[in-house]
Amino acid sequence: MAAHTSFLLARCLVRYLKDSSVSERTCRGVLKLVRGCSTLSPGYVSQSVILDGTRHSGPIAHYNKLVHSGLLHEDIRQKAALWHLEQLHGVIAGYTNIPLSLPRPKVKKKDSSLNDECTKVLETENRFIIMNNEKYGQASHRNSNEEVTSTEKRQEKDKECNAKKEPAKPPPPQGCYIHGGVGTGKTMLMDLLHSHVKNSRKKRLHFNSFMLDIHRRIHRLKQSLPKRRIGEMTMYDPIFPVAMEIATETCLLCLDEFQVVDIADAMILKQLFEGLFSCGVVLVATSNRPPEELYKNGLQRAAFVPFIGVLKEHCHIIGLDTGIDYRRREKAQPGKFYYISSEPDAEVAVNTLFDELAYRQNDVTRPRVLTVQGREVTLSRTCGTIADCTFQELCDQPLGASDYLEIARQFDTAIIRNVPRLKIGLKDQVRRLITLIDIFYDQKVRVVMLAEAPLHCLFVGGPLSGEEERDRLMLDELGLTNESWKRLTLFTAEEEIFAFQRTLSRLTEMQTEQYWVQGDRNRL
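J.: A description of the overall build of the protein chain should follow, citing residues and the corresponding values.
T.: Looking only at helices and strands, the protein chain features 21 helices and 15 strands. Expressed as a percentage of its 524 residues, the buried residues of the protein chain come to 48%. Within the protein chain, residue pairs in contact and separated by at least 24 positions form 80% of the contacts whose partners lie at least 6 positions apart. About 26900 Å² of surface is accessible on the protein chain, with carbon and sulfur atoms providing 52% of the total.

J.: Run through empty space enclosed by the protein, naming residues and quoting values.
T.: Considering all chains together, one arrives at three cavities of 30 Å³ or more under this definition. Considered as a void within the structure, the largest cavity measures approximately 60 Å³ in volume. Lining the largest cavity are Glu 257, Phe 258, Gln 259, Ser 287, Asn 288, Arg 289, Glu 495, Phe 498, Ala 499 and Arg 502. Among the elements that make up the lining of the largest cavity, the one with the highest residue count is helix H20 (residues 494-509) (four residues). The residue inventory of the lining of the largest cavity, partitioned by class, reads three nonpolar, three polar and four charged.

J.: Can you lay out the sheet that holds strand E3 (residues 202-206) for me, pointing to particular residues and giving the numbers?
T.: Hydrogen bonds along the backbone pair up the strands of a sheet, which may run parallel or antiparallel. One open sheet holds the five strands; their spatial order is E3-E5-E6-E2-E7, and the pairing between them is parallel. A single partner strand is all that each edge strand has here, and the edge strands are E3 and strand E7 (315-319). The sheet shows a mean angle of 15° between the axes of neighbouring strands, direction not considered. The strands touched by helix H4 (residues 76-92) are strand E2 (175-179), strand E5 (252-256), strand E6 (282-287) and E7; relative to E6, the strand with the most contacts, the crossing angle is about 155°.

J.: Kindly report on the environment of Val 460, identifying the contributing residues and their values.
T.: Residue placement: Val 460 occurs in strand E15 (residues 459-461). Sequence separation of Val 460 and Leu 422 is 38 residues, and the distance between their C-alpha atoms is 6.1 Å. Those residues within four positions of Val 460 in sequence are excluded, and the remaining contacts are Arg 421, Leu 422 and Lys 423.

J.: So what's going on with helix H15 (residues 401-410)? Residues and values would help.
T.: The buried fraction of H15 amounts to eight of the 10 residues, a majority that puts the element mostly inside the structure. Within the sequence span of H15, burial applies to Ala 401, Ser 402, Asp 403, Tyr 404, Leu 405, Glu 406, Ile 407 and Ala 408. Looking at the buried residues of H15, the elements they touch are helix H8 (207-224), strand E9 (366-372), strand E10 (375-383), helix H14 (391-396) and helix H16 (427-442).

J.: If you had to explain the nonpolar core to someone new, which residues and values would you point to?
T.: Membership of the largest hydrophobic core comes to 58 residues, with the highest contact counts inside it found for Phe 440 and Phe 500. If you tally residues by element for this core, the top one is H16, at eight residues. Beyond its immediate chain neighbours, meaning those up to four positions away, Phe 500 contacts Leu 422, Val 430, Leu 433, Ile 434, Leu 458 and Phe 459. Counting residues in each nonpolar core, the second largest holds 40 residues, with Ala 243, Leu 283, Val 310 and Leu 311 among its members.

J.: Lay out the sheet that holds strand E14 (residues 446-451) with the relevant residues and their values.
T.: In spatial order, the strands read E8-E14-E12-E11-E10-E9; together these six strands make up an open sheet with mixed pairing. The open sheet is flanked by strand E8 (338-340) and E9, the only strands paired with a single partner. Here the average twist between neighbouring strands, direction ignored, is 25°. In this sheet, E14 lies alongside strand E12 (residues 413-419) in parallel orientation, the contact comprising five bridges.

J.: Just give me the short version of the packing of H8 against helix H11 (residues 269-278), but keep the residues and values in it.
T.: At a minimum axis separation of 13 Å, H8 and H11 run at an interaxial angle of 90°. Compared by their axis directions, H8 and H11 come out roughly perpendicular. Taking contact as the criterion, the partners of Phe 207, Phe 210, Met 211 and Ile 214 in H8 are, on H11, Leu 269, Leu 272, Phe 273 and Leu 276. Considered class by class, the residues forming the contact of H8 with H11 number eight nonpolar, no polar and no charged.

J.: Lay out a nonpolar patch on the surface in plain terms, naming residues and giving numbers.
T.: A surface patch of nonpolar side chains, amounting to about 230 Å² of accessible area, comprises Ile 263, Met 267 and Leu 299. Of note, Met 267 is situated in the loop between helix H10 (263-266) and H11.

J.: So, the packing of aromatic side chains: which residues are in play, and what are the values?
T.: Summed over the entire model, instances satisfying the criterion amount to 13 aromatic pairs. Ring centres 5.9 Å apart and planes at 50° place the aromatic pair Phe 258 and Phe 273 in the tilted group. Within this pair, whereas Phe 258 is found in the loop between E5 and H10, its partner Phe 273 is found in helix H11, the two being separated by 15 residues in sequence. Overall, Phe 258 belongs to the buried group, its relative accessible area being 1%. By relative accessible area, Phe 273 is classed as buried at 1%. A centroid spacing of 3.9 Å and a plane angle of 15° characterise the contact between Phe 337 and Trp 516, whose relative ring orientation is stacked. Of this pair, Phe 337 sits in the loop between E7 and E8 while Trp 516 sits in helix H21 (residues 513-518); the two residues are 179 residues apart in sequence, bridging distant segments of the chain. No difference in accessibility class separates Phe 337 from Trp 516, as the two residues are buried. Among the aromatic residues, ring-to-ring pairing joins Tyr 177, Phe 207, Phe 210, Phe 258, Phe 273, Phe 277, Tyr 295, Phe 304 and Phe 307 into one connected group.

J.: Requested: an account of the confidence of the model for the protein chain, with residues and values cited.
T.: Per-residue confidence for the protein chain averages 76 on the pLDDT scale, and 66% of its residues sit at or above 70. When the criterion is pLDDT under 50, residues 105-121 qualifies, and its contacts beyond four places in sequence or with other chains add up to 30 contacts. Note that residues 136-148 has pLDDT below 50 and, in this model, 22 contacts with residues that lie over four places away or in other chains.

J.: Break down the pairing of E12 for me, citing the residues and quoting the values.
T.: Buried residues dominate E12, accounting for six of its seven residues. As judged from the five bridges shared by strand E11 (residues 386-390) and E12, these two strands associate in the parallel manner. Following the sheet pairing, Thr 390 is matched in E12 by Arg 417.

About the cut-offs
- Residues numbered from 1 in each chain as written.
- Predicted model: local features only at pLDDT ≥ 70, side-chain atom pairs only at ≥ 80, totals over all residues.
- Heavy atoms only, no water.
- Helix = DSSP H or I, 4+ residues; strand = E, 2+ residues; numbered from the N terminus.
- Buried < 20%, exposed > 50% of the residue type's maximum accessible area, 1.4 Å probe, protein only.
- Contact = heavy atoms within 4.5 Å.
- Areas by Shrake-Rupley, 256 points an atom, 1.4 Å probe, with all protein chains shown as cover.
- 1 Å grid on protein atoms, 1.4 Å probe; cavity = no way out; pocket = protein on both sides within 12 Å on 5 of 7 lines; lining within 4 Å.
- Points joined across faces, edges and corners; volume = space filled by probe spheres on them.
- Nonpolar A, V, L, I, M, F, W, Y, C, P; charged D, E, K, R; others polar.
- Pairing = 2+ DSSP bridges.
- Axes fitted to C-alpha atoms, helices over the stretch in contact; angles between N-to-C directions.
- Core = buried A, V, L, I, M, F, W, Y, C linked by side-chain atoms within 4.5 Å.
- Parallel < 35°, antiparallel > 145°, perpendicular 65-115°, else oblique.
- Patch = residues over 30% accessible without salt bridge, like charges linked within 9 Å, V, L, I, M, F, W, Y side chains within 5 Å.
- Salt bridge = Lys/Arg side-chain N within 4 Å of Asp/Glu carboxyl O.
- Phe/Tyr/Trp six-rings, centres within 6.5 Å; stacked < 30°, edge-to-face > 60°.
- pLDDT = per-residue confidence, 0-100.

This is the structure in structure tokens:
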């Protein structure tokens, strides 16, 4: 097994070194090092095999600098994962997916006759390719006044001519999907790649923010379509045009915390990412779950499963299970920011902290009303970039990721009071708190919390609520078996229990001095 591991490692190194234009002498030297590592256990990479990071400017070099400076603890599994990112770093610097040259998606019509409305629908989709070609100095070959049939014929001729004149574009490099437990360094490794890759067409987003943007684009595109005529029905799918639109903006897409809990997201991911990959977009993503467990036990999961195959086809799947939650390692703290309501003077301490923070603001204490997608979100007590909220304001109300993103844009510090012990019967509130902390963590919002229980005891499980018991009775009446409803996360809260471990880990790091310094927007 060890010899097999050494052989695979040697092949990877030779491929990488050749792509990096390294001399033959250097290749032979590295291969000698690999041969000396045949006794390694599976999943480990010898430190002697990893090239000296000071000679390069990729993720490995910067990781080594952070280790030498004492900011990071060296982790051999993180370095093993970094090899895939190092390879991608060398390729993606000179990579582009422009120009896009793809066949247009077909429009399905109930009536076989082609009319002006069909042409207009196709023009809406073509707009993205036309805008892209004009941006990069290429003449547009599309004429909006021509019939659809002649347009398709011309496209076939152009495609044949281009195939004779221009060599086929090389396939895009494979991306990376890094999964593992909480606090193992997945986001840090992805950020090392994103921060240091020399490609201006790169984008880094939290998965929640990415999907919100996707739904906004879909809505905007649907609004731009011509109105349907009475008696005619045009079936138009905007997902592929949205994928093309994103591809004109970026060729490297980095997504943090890839998780699927919403059926609306689950149903479009396969088509969306097939479009992105066919347009040459390279994906680097982090997740707490391996691909096979995404949207685990979700509603209509059978329609989601094909996406897993698409993801595996275009990404290296990298497991990062170090067994260590680095966020929970002891770090110097600037002060106490998690208070238990039963402690003496806990509320007084939180009030004092708010007064100290508000004193530095050029504002008065007042309510604020935020407008999010036409809705109003009211925060009863704010001062400048400080929001003093209650759990009921943030998690009892029907708020979502877009609302929390707007709060994170307006405020750099949030006080959350009256946080109760969280039980299975409060699944909706738990989901909102998980989303809230994910977004606040990603946007470096500082959090002060006044809760009923210590952090490690905040989620206590408990029995099902009355509403869930009623839903179970309804399933019994529908003839569904006991095993059927047990597999639904709607009733087990399995996803919430799993994701809340990430919330606890992040709340722990959000108490550290390093995090609070990064979140201080007044110093910028």
